[in-house]
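Coordinate analysis (summary)
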Amino acid sequence: ALREELLLSPLPTGDVAATFQFRTRWDADLQRGAVSHYRLFPKALGRLVAALGVRELHLALTQGFWRTRYWGQPPLQAPAGAELWVWFQPTVTDVDKAWKELSNILSGIFCASLNFIDSTNTVIPTASFKPLGLANGTDHHLLRYAVLPREVVCTENLTPWKKLLPCGSKAGLAVLLKAERLFHSSYHSQAVHIRPICRDASCLAVSWELRQTLTVVFDFFSSGQGKKDWSLFKMFSRTLTDTCPLASQSKVYVDISPKNKEKELLEVSPPPTSVHEAIVQGDKKTYAVYDLLSPSLFNTSRSLNVQLKWKRPQDSSEMPIPTLHAQRYVGGYGLQTGQICTLIYNTHPYRAFPVILLETVPWYLRLYVHTLTIITKGKENKPSYIHYQPAQDRRRPHLLEMLIQLPANSVTKITIQFERALLKWTEYPPDPNHGFYVGSSVLSALVPSVTAMKDMDVEQSPLFTSLFPSSDGSSYFVRLYTEPLLVNLPTPDFSMPYNVICLTCTVVAVCYGSFYNLLTRTFHVEEPSRGGLAKRLANVIRKFRGVPPL
């Protein structure tokens, strides 16, 4: 079965976030290897899961950074660049070999540089990245996680992603996926999630779920509109004309929740087919729903162009502050030492909660773990769990995981000092003065909910509420990523080899040429010639005149 949906969320800054989700559920057992008929599920991914013993696969390709402080909590966040984390089956004997083969195959499928994933940027987390689907056990040795923060995402990655959809980009919501508009945005993230889920309530059989998600944030200033009024045509330069015939559900959700106790600020047209209320990330939300499979939707007009209009200007003081957000930066001066600073904010007025922090630092930044300090409200905050795996030069990165308690209404500052290593001159990239990227920190937490959440049927609830399993109604799971860091390393003057080569070649050419000329030249003594006919005639005439001969 195929379900597709589009969520339009006006952001507090006036921008608009559009989140596409395409969910393919397949009632088949891929691990047995007996599946030969693929209908909606992509065969390339299905055979990949069966051949390499993959239990869960999560791949995200992102351009830009989601600004949690100003945009709020995203439905799905990913770090800048490429992120890949995979759980393998317990039957896999050589996990590292399967991981290397998997990254190479995905690199070819999605036309990305995932083949650069190796032991120098792969870690094995112990507390973060628990399975999102069915899991018999959580042996973390079966988990691999890697990030390529330098990866650039463009149309060559979007095209194979769209080809995995059952209808491609020919019908349904995928018609709106026009590359020219999607990449003219502030933030763009596309992801693929594969996981096993329960087939029914009894959970006696297993189904496989493929989620293809795409999140894009449109900036009304960069779009040249200058207004905060939006429509599907203004965002995507296209409108919805028909549905995907293979989809069992196709809906468009528009977030029309009031930002405060007053009436809603948004006005949508045409009138929605229904209104849906749900508790999303601890807040009560109201959505206008357009059901594309409803026969009355396309009767009045041949296309659907959802329009959003603001009833009154939005006040900047009304911007809500998310309960959990973080930022990270590099401190220090010079090109020898420095420090990584991470600030974690808990803005909940009276609830404290723990958070798991995952730091992955490349080997060429040598961390001094004895300088690790965690300060909250002027006092030292000791982590209740800490796991550190030191790096090995040119073999593996640093891995630091901590469980930190965040008091209510507090800011926690985490600092650790490092020393920059001097690389071999062949290890520098073509633009060494641009700097070296350090992957984002990962925050995983169960954030207390403002509103009590009810247990919902996963098959009936919207897709954007059902990726992360909810433990209870009092809290919700959040995974946040900080900014990637750009660190300058001591860089040699790469023009000096050129100067040395030119000078050396000049000296060698002059000296060697002179010596070779002297050693190989042969000298001959020429006899004086008696002269030619003209000379003899001249001497005869001079003799008659009494003049000495020539």
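The name given to the protein in an unreviewed UniProt entry is PIGT transamidase, and the organism recorded there is Struthidea cinerea.

1. Quick look at the overall build of the protein
The number of helices and strands found in the protein is nine helices and 26 strands. Looking at the 550 residues of the protein, the share that counts as buried comes to 48%. With an accessible surface of roughly 27,500 Å², the protein has 55% of that area assigned to carbon and sulfur atoms.

2. Section: the packing of aromatic side chains
Applying the stated rule across the entire model yields 16 aromatic pairs. Pairing tyrosine 428 with phenylalanine 436 gives two aromatic rings, centres 6.1 Å apart and planes at 70°, and the pair type is edge-to-face. For the pair tyrosine 428 and phenylalanine 436, a shared accessibility class is recorded, and that class is buried. Measuring from centroid to centroid gives 5.5 Å for tyrosine 428 and phenylalanine 494, while their planes differ by 75°, and the two rings are edge-to-face.

3. What to know about the sheet that holds strand 25 (residues 475–481)
As summarised here, the arrangement of the five strands in space is 20-21-17-24-25, forming an open sheet in which the pairing is antiparallel. This sheet does not close on itself; its edge strands, each paired only once, are strand 20 (385–389) and strand 25. The average angle at which neighbouring strand axes cross in this sheet is 15°, direction not considered. Looking at chain direction, strand 17 (residues 353–361) and strand 24 (residues 442–448) are connected through four bridges and run antiparallel. Paired with leucine 357 across the two strands is leucine 443, which belongs to strand 24.

4. Let's talk about a nonpolar patch on the surface
The grouping of Val508, Tyr512 and Tyr516 at the surface amounts to a nonpolar patch, some 360 Å² of accessible area in total. In this structure, tyrosine 512 sits in helix 8 (residues 495–520).

5. Focus on the nonpolar core
Among the nonpolar cores identified, the biggest contains 86 residues, and Phe20, Leu45 and Val254 are the most heavily contacted of them. With seven residues, helix 3 (residues 95–110) is the largest single contributor of residues to this core. Both domain 1 (2–310) and domain 2 (324–487) contribute no fewer than three residues apiece to this core. Apart from the residues lying within four places of it in its own chain, the contact partners of valine 254 are Leu8, Val268, Thr286, Tyr287, Ala288, Tyr290, Val306 and Leu308. One finds Ile344, Leu357, Phe436 and Val438 within the second-largest nonpolar core, a separate group that totals 35 residues.

6. Details of the pairing of strand 6 (residues 143–148)
The two faces of the sheet receive side chains in turn, since in a regular strand these alternate between them. When you tally the buried positions in strand 6, you get six out of six residues, the bulk of the element. What you see with strand 6 is no split at all: Leu143, Tyr145 and Val147 on one side and Arg144, Ala146 and Leu148 on the other are buried throughout. When strand 4 (residues 81–88) meets strand 6, the two strands line up antiparallel, connected through six bridges. Each residue of the ladder has a partner; that of valine 86, found in strand 6, is arginine 144. The pairing of strand 5 (residues 122–123) with strand 6 spans two bridges and is antiparallel. Its bridge partner being in strand 6, valine 123 is matched across the sheet by tyrosine 145.

7. Topic: the state of the cysteines
Here the structure, examined in full by the defined rule, presents one disulfide. Residue pairing for cysteine 167: its cysteine sulfur links by disulfide to cysteine 244, the two sulfurs lying 1.8 Å apart. Because the torsion about its S-S bond is 75°, the bridge between cysteine 167 and cysteine 244 counts as right-handed. Note that cysteine 167 is positioned in the loop between helix 4 (155–163) and helix 5 (179–182) and cysteine 244 in the loop between helix 6 (232–236) and strand 10 (249–255), a separation of 77 residues in sequence. Residue cysteine 167 is classed as buried on the basis of its relative accessible area, which comes to 15%. Cysteine cysteine 505 remains unbridged, with the sulfur of cysteine 502 as its closest cysteine sulfur at 7.0 Å.

8. Re unusual backbone geometry
Phi is positive for phenylalanine 129, close to 60°, though the residue is something other than glycine. Within the element layout of this structure, phenylalanine 129 appears in the loop between strand 5 and strand 6. On the basis of relative accessible area, phenylalanine 129 is assigned to the buried category, the value being 1%. You will see that serine 237, though not glycine, has its phi angle at about 60°, which is positive. By the secondary structure assignment, serine 237 is in the loop between helix 6 and strand 10.

9. Structural notes on the pattern of salt bridges
This structure, assessed with the given rule, holds twelve salt bridges. Across the pair arginine 211 and glutamate 209 runs a salt bridge whose closest N-O atoms are separated by 3.0 Å. Comparing arginine 211 with glutamate 209, the two get one shared label, buried.

10. Observations regarding the environment of leucine 365
Mapped onto the secondary structure, leucine 365 falls in strand 18 (residues 365–376). Separated by 28 residues in sequence, leucine 365 and threonine 337 have C-alpha atoms that sit 9.1 Å apart. The contact partners of leucine 365, leaving out residues within four places of it in the chain, are His398, Phe418, Glu419, Arg420, Val438, Val487 and Leu489.

What counts and how
- Residues numbered from 1 in each chain as written.
- Predicted model: local features only at pLDDT ≥ 70, side-chain atom pairs only at ≥ 80, totals over all residues.
- Heavy atoms only, no water.
- Helix = DSSP H or I, 4+ residues; strand = E, 2+ residues; numbered from the N terminus.
- Buried < 20%, exposed > 50% of the residue type's maximum accessible area, 1.4 Å probe, protein only.
- Areas by Shrake-Rupley, 256 points an atom, 1.4 Å probe, with all protein chains shown as cover.
- Phe/Tyr/Trp six-rings, centres within 6.5 Å; stacked < 30°, edge-to-face > 60°.
- Pairing = 2+ DSSP bridges.
- Axes fitted to C-alpha atoms, helices over the stretch in contact; angles between N-to-C directions.
- Patch = residues over 30% accessible without salt bridge, like charges linked within 9 Å, V, L, I, M, F, W, Y side chains within 5 Å.
- Salt bridge = Lys/Arg side-chain N within 4 Å of Asp/Glu carboxyl O.
- Core = buried A, V, L, I, M, F, W, Y, C linked by side-chain atoms within 4.5 Å.
- Domains from an automatic or database assignment.
- Contact = heavy atoms within 4.5 Å.
- Disulfide = S-S within 2.5 Å.

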